[in-house]
Amino acid sequence: MILDGKKTSEKRLELLKEKIDESGLYPRLATVLVGEDPASQLYVRMKHRACERVGIGSIAIDLPATATTQDVIEAVNRLNHDNMISGILVQLPLPPQVDTHAVIEAVAPEKDVDGFHPVSLGRLFSGTPVFSPCTPLGVMTILAEYGINPAGKRVVVIGRSIEVGRPMAALLINADATVTIAHSKTVDLRSITSHAEILIAAVGRARFVTADMVSEGAVVIDVGTNYDEEGKLCGDVDFAGVEPKAAAITPVPGGVGPMTIATLMENTFAAAQMRSCRRLI
């Protein structure tokens with residue numbers, strides 16, 4: 001079975017548009033982009049197009065590649081104090097001279113729709129999330145859409161990044177899964193992954209997960225976005241080799257990627273709802 005993230009995201013965006021229309025709210029997302037990296041520019045444009053589709057207003061703050069940490073923090077602080085802005089997304093990665101952690105911590109937690117602020121992550125890891133990082137939360141949505149319940153399942157997450165691997169594990173633990181995090185220092189990785197009922201690959205290496213690493217009938221989630229030696233877009237999983245063994249698998253493209261943007265839209269609307277409730281109080 002192919003877990004179609006694009007189809008799921010389309011469904012979620014249509015439902016979200018209806019909710020926004022009925023709410024009477026006008027959520028607004030602000031993006032902060034530093035420099036002119038083509039991939040980052042593309043991702044930001046995709047997010048603004050999604051905003052337009054569902055009825056979320058958006059503004060773009062573009063800073064030069066020479067911007068300092070203070071420049072970026074000042075831009076973030078202006079957005080923090082702008083009552084018209086529901087959510088703030090700082091596009092990563094930032095240039096090397098910018099302190100990424102300082103910038104993320106500058107975002108007001110109530111506007112942290114990307115879910116990377118220490119307060120957001122702390123709440124996630126304590127089991128009371130408000131905003132979870134969009135990619136792992138999108139994975140949970142795909143699983144739910146296809147009726148795949150992680151409760152009681154043996155789940156292996158390959159990758160321990162703060163953007164995907166660690167919050168992915170936290171969401172799964174909150175859903176009562178038994179979770180193992182594997183990474184570059186893991187010894188005999190195959191012996192661990194081959195026992196997984198759900199395998200999530202988030203390592204950033206093209207076709208890293210091969211058929212011999214996957215158990216028969218496993219659910220395989222590919223979070224990777226890579227380009228192979230021929231310049232072809234691919235994931236962390238060798239799809240052609242693994243798909244025949246898997247009970248369900250996400251493709252690349254068309255799997256987790258679209259769900260990341262859909263989840264960002266949902267987080268932004270949630271931020272607007274919470275802000276509206278605070279005003280009423």
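Please read all numbers here as calculations on a predicted model, not as lab measurements.

Caption draft 1: Geometry of empty space enclosed by the protein. Under the definition given, this model contains 1 cavity of 30 Å³ or more. Of the pockets and cavities examined, the largest cavity occupies roughly 70 Å³. What lines the largest cavity is simply I88, L89, V90, L92, I104, V107, D112, D114 and F116. If one sorts the elements of the lining of the largest cavity by residue count, strand β3 (residues 87-90) sits on top with 3 residues. Partitioned by chemical class, the residues of the lining of the largest cavity number 7 nonpolar, no polar and 2 charged.

Caption draft 2: Structural context of unusual backbone geometry. In this structure, P93 follows L92 across a cis peptide bond, with omega equal to 0 degrees. By the secondary structure assignment, P93 is in the loop between β3 and α4 (100-106). Of note in this structure, D188 is not a glycine but carries a positive phi near 55 degrees. In this structure, R207 is a non-glycine residue whose phi angle is positive, near 50 degrees. Counting through the fold element by element, R207 comes out in the loop between β6 (198-201) and β7 (219-222).

Caption draft 3: Quick look at the pattern of salt bridges. Applying the stated criterion across every chain yields a total of 9 salt bridges. In this structure, K6 engages E10 in a salt bridge whose closest nitrogen and oxygen atoms are separated by 3.8 Å. In this pair, K6 and E10 are both assigned in helix α1 (residues 5-23), 4 residues apart and thus about one turn of the helix distant. For K6, a relative accessible area of 48% translates into the label partly exposed. The residue D21 makes a salt bridge to K17 at a minimum N-O spacing of 3.1 Å. In this pair, D21 and K17 both sit in helix α1, 4 residues apart, roughly one turn of the helix. Here the residues in one salt-bridge network are K6, E10, E14 and R53, joined through shared partners.

Caption draft 4: Inspection of the pairing of strand β2 (residues 57-63) at higher detail. Across 7 bridges, the pairing between strand β1 (residues 28-34) and β2 is parallel. If you follow L29 over to β2, its bridge partner there is S58. Handedness of the crossover joining β1 and β2 through helix α2 (residues 38-54) is recorded here as right-handed.

Caption draft 5: The sheet that holds β1, seen in detail. With respect to topology, 3 strands assemble into an open sheet ordered β2-β1-β3, the strand pairing being parallel. Only two strands of the sheet have a single partner each, and these edge strands are β2 and β3. Each neighbouring strand pair of the sheet contributes to a mean axis angle of 20 degrees, computed without reference to strand direction. Contacting β1, β2 and β3, α2 runs over the sheet at an angle of about 170 degrees to β1.

Caption draft 6: Local environment of helix α6 (residues 134-145). For α6, with 12 residues, the first-to-last C-alpha span of 16 Å sits near the 16 Å given by 1.5 Å per residue. Where burial is concerned, most of α6 is hidden: 9 out of the 12 residues are buried. Every buried residue of α6 is accounted for by C134, T135, P136, G138, V139, M140, T141, I142 and L143. Just downstream of α6, G147 is the residue with a positive phi angle, here 70 degrees.

Caption draft 7: Here's a closer look at the environment of K153. By secondary structure assignment, the location of K153 is in the loop between α6 and β4 (154-158). C-alpha of K153 to C-alpha of L25: the two residues are 128 residues apart in sequence and 39 Å apart in space. Setting aside chain neighbours within four positions, we find K153 in contact with A177, T178, E197 and I198. Reaching out from K153, the side chain makes a polar contact with the backbone oxygen of N149 at a distance of 3.2 Å.

Caption draft 8: Broad picture of the environment of T135. Checked against the element boundaries, T135 lands in helix α6. A residue is classified by how much of its surface remains accessible, and T135, at 17% relative accessible area, is buried. Residues contacting T135, with those up to four places away along its chain left out, are V164, V223, V256 and T260.

Criteria and thresholds
- Residues numbered from 1 in each chain as written.
- Predicted model: local features only at pLDDT ≥ 70, side-chain atom pairs only at ≥ 80, totals over all residues.
- Heavy atoms only, no water.
- 1 Å grid on protein atoms, 1.4 Å probe; cavity = no way out; pocket = protein on both sides within 12 Å on 5 of 7 lines; lining within 4 Å.
- Points joined across faces, edges and corners; volume = space filled by probe spheres on them.
- Helix = DSSP H or I, 4+ residues; strand = E, 2+ residues; numbered from the N terminus.
- Nonpolar A, V, L, I, M, F, W, Y, C, P; charged D, E, K, R; others polar.
- Salt bridge = Lys/Arg side-chain N within 4 Å of Asp/Glu carboxyl O.
- Buried < 20%, exposed > 50% of the residue type's maximum accessible area, 1.4 Å probe, protein only.
- Pairing = 2+ DSSP bridges.
- Right-handed = clockwise from strand over helix to strand, strands pointing away.
- Axes fitted to C-alpha atoms, helices over the stretch in contact; angles between N-to-C directions.
- Contact = heavy atoms within 4.5 Å.
- Expected span 1.5 Å × (residues − 1).
- Polar contact = N/O pair within 3.5 Å; in protein donor to acceptor, adjacent residues only side chain to side chain.

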